[in-house]
Amino acid sequence: RMGQETEILKNDVKNWLAWHGRQLSFKSFMAEFARDWAFRILVKYRISRLGGGGKVLKRLIPFTSKYNTFIVTKKIGRNLRMMHPFSSIINAESIGDNFIFYQNVTIGTNRDSNRPRIGNNVIVNAHSVIIGDITIGDNVWIGACSFVSKSVPSDTMVVGNPAKAVKRYNPSTKTWEKLTSHIPL
């Protein structure tokens, strides 16, 4: 388990640096760590998942909670990306690979059980809420200010309060196609 978490940490750091046009090196890691608070939150989260040694390292990075971003989810896949993670709570049962979220996102429930399960390649835009014992499929795009309390099938774009499906992803054309009518979930 620790080996897998270490590989995910390395992968996320490498991809984050590449996303910002930097090569993987100690110097570029430290520069990004000093510059970008979202990167510090990512590193702190991944280090906390390492187990015993991670707990010691986590204490050396104490300054991330001032942004009110709390990631409680124990299982998040590769390529976690936080665009502006200010004031966000991420408390899902599990989250797949390539998860992106913006500011003021709440994911969870008011209990420890019945938390959302989120698939691969999911984007959650600003001020959105995902709550309850639901499943968000793969390749889902959740629009800003959406309230999602029902499961969302794969390859779907949802918006609104309550969230409604407005587009479906067509893998053969690699485009989002508008639905003729908004479909309640």
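Reading the values: the criteria
- Residues numbered from 1 in each chain as written.
- Predicted model: local features only at pLDDT ≥ 70, side-chain atom pairs only at ≥ 80, totals over all residues.
- Heavy atoms only, no water.
- Helix = DSSP H or I, 4+ residues; strand = E, 2+ residues; numbered from the N terminus.
- Buried < 20%, exposed > 50% of the residue type's maximum accessible area, 1.4 Å probe, protein only.
- Contact = heavy atoms within 4.5 Å.
- Areas by Shrake-Rupley, 256 points an atom, 1.4 Å probe, with all protein chains shown as cover.
- Patch = residues over 30% accessible without salt bridge, like charges linked within 9 Å, V, L, I, M, F, W, Y side chains within 5 Å.
- Salt bridge = Lys/Arg side-chain N within 4 Å of Asp/Glu carboxyl O.

What follows concerns the overall build of the protein chain. What the protein chain contains, in helices and strands, is 4 helices and 15 strands. Burial analysis of the protein chain (185 residues in total) assigns 42% to the buried set. For the protein chain, restricting intrachain contacts to residue pairs at least 6 apart in sequence, the fraction spanning at least 24 positions comes to 22%. As displayed, the protein chain has an accessible area near 9800 Å², and 55% of this comes from carbon and sulfur atoms.

The peptide bond linking N161 to P162 adopts the cis configuration, its omega dihedral lying at 0°. Among the secondary structure elements, P162 is positioned in the loop between β13 (156–159) and β14 (164–170). We note that N121 has phi near 60°; this positive angle belongs to a residue other than glycine. Position of N121 relative to the elements: it lies in the loop between β7 (117–118) and β8 (123–124). A positive phi angle, near 60°, is found at D155, a position not held by glycine. Within the element layout of this structure, D155 appears in the loop between β12 (147–148) and β13.

Further remarks concern a nonpolar patch on the surface. Taken together, F70, V72 and I89 make up a surface patch of nonpolar side chains, about 250 Å² in accessible area. Topologically, I89 is positioned in strand β3 (residues 89–90). When its relative accessible area of 40% is taken as the criterion, I89 is described as partly exposed.

The next point concerns the side chain of R46. Inspection of the secondary structure assignment puts R46 in helix α3 (residues 37–48). Setting aside its immediate chain neighbours within four residues, R46 contacts E5, I8, L9, D12, I76, G77, R78 and L80.

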